[in-house]
Amino acid sequence: MKLYFAPRTRATRARWLLEELGVPYELVKLDLARQENATPAYLAVHPLGEVPALVDGDVTLLESLAICLHLADRFPEKHLAPPVGSAECGPYYQWMVFAEVSLDPVVMAFYRHAQLPEEQKARAHSEEALAKHRTRLTAVLDVIQGGLGGREFLVGGAFTAADVVMASILHLANTLKLLDDHPRLVEYVKRHSQRPAVRKAVSG
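Reading the values: rules and limits
- Residues numbered from 1 in each chain as written.
- Predicted model: local features only at pLDDT ≥ 70, side-chain atom pairs only at ≥ 80, totals over all residues.
- Heavy atoms only, no water.
- Buried < 20%, exposed > 50% of the residue type's maximum accessible area, 1.4 Å probe, protein only.
- Helix = DSSP H or I, 4+ residues; strand = E, 2+ residues; numbered from the N terminus.
- Phe/Tyr/Trp six-rings, centres within 6.5 Å; stacked < 30°, edge-to-face > 60°.
- Lys NZ or Arg CZ within 6 Å of the ring centre and 35° of its normal.
- UniProt positions renumbered as here; feature names shortened; annotations may be inferred.
- Contact = heavy atoms within 4.5 Å.
- Pairing = 2+ DSSP bridges.

A few points about helix 1 (residues 11-21)
With respect to burial, helix 1 is a largely interior element, nine of its 11 residues being buried. Along helix 1, the residues that are buried comprise Ala11, Thr12, Arg13, Ala14, Arg15, Trp16, Leu17, Leu18 and Leu21. Taken from the residues just after helix 1, Gly22 is the one with a positive phi, measuring 70°.

Written as structure tokens, this is what we have:
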């Protein structure tokens with residue numbers, strides 16, 4: 001398998017999962033600042049020039065969520081996905097999709113706002129939009145914290161790929177100080193951020 005990767009992108013969650021699986025793979029690092037993702041060779045892999053991309057034999061996957069779902073199912077002996085048809089399977093898929101579809105867009109809205117020049121941040125329309133995002137974020141975080149309860153993991157009492165996807169997005173939210181009213185989610189992020197596979201995935 002070959003993973004095309006750049007630091008501080010969604011490729012990190014794919015690399016994290018590969019490290020959790022402990023399976024051999026080739027890491028191809030792309031320097032986005034030097035536009036190595038815009039070369040004809042890489043565009044032949046990913047026509048949009050984005051990361052990650054995973055090449056697994058005859059299969060090429062371009063979405064980080066699809067990559068994580070594929071990898072967890074591809075190695076069932078690693079137990080990073082519940083067995084198909086089990087009671088945990090439905091909630092597992094739900095949390096994977098909820099993290100990507102409901103949580104990630106609103107966290108990214110705050111991230112993009114944080115990158116704006118100060119004069120743009122203070123504009124009325126920007127503050128109004130941010131207030132709407134904050135209301136949505138609070139509701140989404142309440143759902144996650146309620147679903148997690150007092151457990152360490154999202155599904156089935158064990159670490160799964162759902163925790164990889166959820167924790168990776170919540171880590172960015174925590175970096176942006178968005179989890180201050182959700183202490184259990186802060187604990188969840190900190191606990192999973194200490195896993196050895198995470199350290200390898202962000203090692204450069």
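More follows now that the structure is in view.
Quick notes on the packing of aromatic side chains
Tallied over the full model, the rule gives five aromatic pairs. Where Trp16 meets Phe159, the ring centres are 6.2 Å apart and the plane angle is 40°; that geometry is what we call tilted. Here the residue Trp16 occupies a position in helix 1, and Phe159 occupies one in the loop between helix 6 (124-148) and helix 7 (161-175), the gap between them amounting to 143 residues. Accessibility classification places Trp16 together with Phe159 in one group, the buried group. Their ring planes at 85° and their centres at 5.6 Å tell us that Trp95 and Phe98 sit as a pair that is edge-to-face. Pair noted here: Trp95 and Phe98 are both in helix 4 (residues 89-114), with a separation of three residues, about one helical turn. Residue Trp95 shares its accessibility class with Phe98, and that shared class is buried. Linked through ring pairs, Trp16, Phe153 and Phe159 together constitute an aromatic cluster. Across from the ring centre of Phe5, 4.9 Å away, lies the NZ or CZ of Arg15, which sits over that ring. Across the ring face of Phe159, the terminal group of Arg195 is positioned such that the distance to the ring centre comes to 3.6 Å.

Points about the UniProt feature "domain: GST N-terminal" (unreviewed entry) in the protein
The UniProt feature table records "domain: GST N-terminal" (unreviewed entry) at residues 1-79. A helix fraction of 33% and a strand fraction of 19% characterise residues 1-79, whose end C-alpha atoms lie 19 Å from each other.

Here we look at the side chain of His182
Among the secondary structure elements, His182 is positioned in the loop between helix 7 and helix 8 (183-193). His182 has contacts with Thr138, Leu141, Asp142 and Gln145, leaving out every residue within four places of it along the chain.

A short note on the pairing of strand 3 (residues 53-56)
For a regular strand, side chains alternate in direction, first toward one face of the sheet and then toward the other. Bridge count between strand 1 (residues 2-5) and strand 3: three bridges; the pairing is antiparallel. What sits directly across from Tyr4, in strand 3, is Ala53. Pairing of strand 3 with strand 4 (residues 59-61) involves three bridges; the strand directions are antiparallel. For Val55, the partnering residue across the bridge sits in strand 4 and is Thr60. What sits between the antiparallel neighbours strand 3 and strand 4 is a turn of two residues, in which Gly57 has the positive phi angle 65°.

A few points about the environment of Arg10
As for its placement among the helices and strands, Arg10 is situated in the loop between strand 1 and helix 1. Given the relative accessible area of 33%, Arg10 is considered partly exposed. Separated by 37 residues in the primary sequence, Arg10 and Pro47 have C-alpha atoms spaced 17 Å apart. Every residue in contact with Arg10, bar those within four places of it in the chain, is listed here: Pro52, Ser64, Glu100, Asp104 and Met108.

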